[in-house]
Amino acid sequence: MDDKTLEIYKAIFNNSILFLKRGIDEIINSAQELTKEQFVVSCLFIQTSLELGLKAFLVKEKGIKAILKNGHQNQTVDSIFNSFENNDLRTKTYNDLKKLILENEITLFGEIHFEHLTRFQKFRNNLVHLNLSFSSTDLQNLKYESIFAIVHLIIPLLSEIDFENETPSEFYAEYLDDHQYKKLISFPHYIEEMEKVAKKFTGYAYECPECYTKTFSPGNGICYCCNLNFIDAAEYVNCKICNAENAVIFDSLNIELNGDMINGLCLNCGDKPNVFKCPHCECKQTFYGKDELKNSCFDGCKN
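Presented here is an overview of the structure given in this document. Predicted model only: the values in this text are computed from it and were never measured. (Residues numbered from 1 in each chain as written. Predicted model: local features only at pLDDT ≥ 70, side-chain atom pairs only at ≥ 80, totals over all residues. Heavy atoms only, no water.)

Section: the layout of surface pockets
Thinking step 1. Looking at the second largest pocket, its volume works out to about 300 Å³.
Thinking step 2. Looking at the second largest pocket, the residues that line it are Ile8, Ala11, Ile12, Asn15, Leu52, Lys55, Ile67, Phe84, Asn87, Leu89, Arg90 and Thr91.
Thinking step 3. Those elements giving two or more residues to the lining of the second largest pocket turn out to be α1 (3-28) and α2 (36-62).
Thinking step 4. Per-element tally for the lining of the second largest pocket: the top contributor is α1, with 4 residues.
Thinking step 5. For the lining of the second largest pocket, the per-class residue count stands at 7 nonpolar, 3 polar and 2 charged. (1 Å grid on protein atoms, 1.4 Å probe; cavity = no way out; pocket = protein on both sides within 12 Å on 5 of 7 lines; lining within 4 Å. Points joined across faces, edges and corners; volume = space filled by probe spheres on them. Helix = DSSP H or I, 4+ residues; strand = E, 2+ residues; numbered from the N terminus. Nonpolar A, V, L, I, M, F, W, Y, C, P; charged D, E, K, R; others polar.)

Structural data, given as structure tokens:
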């Protein structure tokens, strides 16, 4: 990307973040139900952030002309930049941008993502052009729709975060201020979505020992809500009490110094068994009395 295109990209990206932050503010500062005013303002902000996010993504992936109307297609980068500086740059419509992404298959968006893109656009159009009346259920549903948008639509457009190894909260920790971030990760609808994301991408969603939400995954050692990271500091073993797979967490850095035994905690049922890790075959198991450890290792172990 040349310097002038990069400057345009950064302007679009930053504006998308600006509207996103304002949209999030309206949602997380609301009570249990959005007011009509909060509904309108948050919807407009998030939809604007989405449109700018689509443009930023396309500029990065396909070049600046991908988002411009026909009148700019034969212009040089210098001429396009002059139009940008003079606020005279004309971009394609939201529908054209969606169509371009769909036809070129340049995101991981599936059918469900495009359904939400269209649904949010309809929300915005109805509010702006028709000023429709909305029930309390409609207002509540928008919270869920908004959370889906800020997690599954905007983040893939503005970042390269891989949900199998990184979390949406990492993105928001970087771009929200501390107050906004703390309110977002304590917002019930966001927590619910993070639990779904953790289960979908890692297969697990246990209680986080830091924020106490069911958003921690032993699959990658990360909490999808508060970003607690135990990637290199903990290991996991099955729980004998609740039978949850890899639910008992233990300190893998100090177990050897503690005679290969250490306290554990089940992140699913809360049980606190001891954990043994064989120094030879590295098999792991929970136990409550040392007599349980007799013949506990796998065949062929030197122990």
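Back to the write-up after that little detour.
Remarks on the packing of α1 against helix α3 (residues 77-85)
Thinking step 1. Here α1 crosses α3 at 35°, and the two axes come no closer than 9 Å. For the element pair α1 and α3, the recorded crossing hand is left-handed. Between α1 and α3, the contacting residues are Lys4, Thr5, Glu7, Ile8 and Ala11 on the first element and Val77, Asp78, Ile80, Phe81 and Phe84 on the second.
Thinking step 2. A breakdown of the residues in the contact of α1 with α3 according to their chemical character gives 6 nonpolar, 1 polar and 3 charged. (Axes fitted to C-alpha atoms, helices over the stretch in contact; angles between N-to-C directions. Left-handed = near helix turned anticlockwise from the far one by under 90°. Contact = heavy atoms within 4.5 Å.)

Thoughts on the sheet that holds strand β5 (residues 261-266)
Thinking step 1. With antiparallel pairing, the 5 strands of this open sheet are ordered in space as β3-β4-β5-β6-β7. What marks the edges here is a single partner per strand, and that holds for β3 (234-237) and β7 (284-287). The mean inter-strand angle of the sheet, taken between neighbouring strand axes irrespective of direction, is 40°.
Thinking step 2. Judged from the 4 bridges that link them, strand β6 (residues 274-277) and β7 form a sheet pairing that is antiparallel. Within β7, the residue paired with Lys277 across the bridge is Lys284. (Pairing = 2+ DSSP bridges.)

Some details on the nonpolar core
Thinking step 1. Ranked by size, the top nonpolar core spans 84 residues in total, and within it Leu50, Ile150, Tyr172 and Tyr190 carry the most contacts.
Thinking step 2. The dominant element in this core, judged by the number of residues it contributes, is helix α6 (residues 136-158), at 11 residues.
Thinking step 3. Listed in part, the 5 residues of the second largest apolar core include Phe276, Cys278, Cys283 and Phe287. (Core = buried A, V, L, I, M, F, W, Y, C linked by side-chain atoms within 4.5 Å. Buried < 20%, exposed > 50% of the residue type's maximum accessible area, 1.4 Å probe, protein only.)

Some thoughts on the state of the cysteines
Thinking step 1. Taken as a whole and assessed by the stated rule, the structure comprises 0 disulfides.
Thinking step 2. Looking at the unpaired Cys211, the closest cysteine sulfur is the one in Cys223, lying at 3.7 Å. (Disulfide = S-S within 2.5 Å.)

Let's talk about the packing of α2 against helix α4 (residues 94-104)
Thinking step 1. Packing of α2 against α4 brings their axes to within 10 Å, and their N-to-C directions diverge by 45°. The angle between α2 and α4 falls in the class oblique. When you trace α2 past α4, the crossing you get is left-handed. On α4, the residues touching Gln47, Leu50, Glu51, Leu54, Lys55, Phe57, Leu58 and Lys62 of α2 are Tyr94, Leu97, Lys98, Leu100, Ile101 and Asn104.
Thinking step 2. Residue classes in the contact of α2 with α4 are distributed as 8 nonpolar, 2 polar and 4 charged. (Parallel < 35°, antiparallel > 145°, perpendicular 65-115°, else oblique.)

Here we look at helix α8 (residues 178-185)
Thinking step 1. Turning to α8, its buried residues are Gln180, Tyr181, Leu184 and Ile185. Mapping the buried residues of α8 onto a view down its axis gives an arc of 120°, with all of them on the same face.
Thinking step 2. The N-cap of α8, judged by a side-chain oxygen 3.1 Å from the amide nitrogen of His179 a few residues on, is Asp177. (Arc of directions from axis to C-beta. Polar contact = N/O pair within 3.5 Å; in protein donor to acceptor, adjacent residues only side chain to side chain.)

A short note on the environment of Tyr236
Thinking step 1. Inspection of the secondary structure puts Tyr236 in strand β3.
Thinking step 2. The spatial distance from the C-alpha of Tyr236 to the C-alpha of Tyr206 is 12 Å, given a sequence separation of 30 residues.
Thinking step 3. If sequence neighbours within four positions are ignored, Tyr236 has contacts with Phe216, Pro218, Gly221, Phe230, Asn246, Val248, Ile249, Phe250 and Lys284.

Regarding the packing of aromatic side chains
Thinking step 1. Enumeration over the complete set of coordinates arrives at 10 aromatic pairs.
Thinking step 2. Between Phe163 and Phe201 the ring centres are 5.4 Å apart and the planes differ by 90°, which places this aromatic pair in the edge-to-face class. Here Phe201 lies in helix α9 (residues 188-202) and Phe163 lies in the loop between α6 and α7 (168-175), a separation of 38 residues in the sequence.
Thinking step 3. An aromatic cluster of at least three residues, connected via ring pairs, comprises Tyr9, Phe13, Phe171, Tyr172 and Tyr175. (Phe/Tyr/Trp six-rings, centres within 6.5 Å; stacked < 30°, edge-to-face > 60°.)

Topic: unusual backbone geometry
Thinking step 1. One non-glycine residue, Asn87, lies in the positive phi region at around 55°.
Thinking step 2. In the Ramachandran plot, Asn243 falls in the positive-phi region, its phi being about 65° despite a non-glycine side chain.
Thinking step 3. Among the structural elements, Asn243 can be located in the loop between β3 and β4 (248-251).

Details of a negative patch on the surface
Thinking step 1. Together, Asp2, Asp3, Glu7 and Glu85 line one region of the surface with negative charge.
Thinking step 2. A relative accessible area of 34% means that Asp2 is categorised as partly exposed. (Patch = residues over 30% accessible without salt bridge, like charges linked within 9 Å, V, L, I, M, F, W, Y side chains within 5 Å. Areas by Shrake-Rupley, 256 points an atom, 1.4 Å probe, with all protein chains shown as cover. Salt bridge = Lys/Arg side-chain N within 4 Å of Asp/Glu carboxyl O. Lys, Arg positive; Asp, Glu negative; His and termini not counted. Charge placed at Lys NZ, Arg CZ, Asp CG, Glu CD.)

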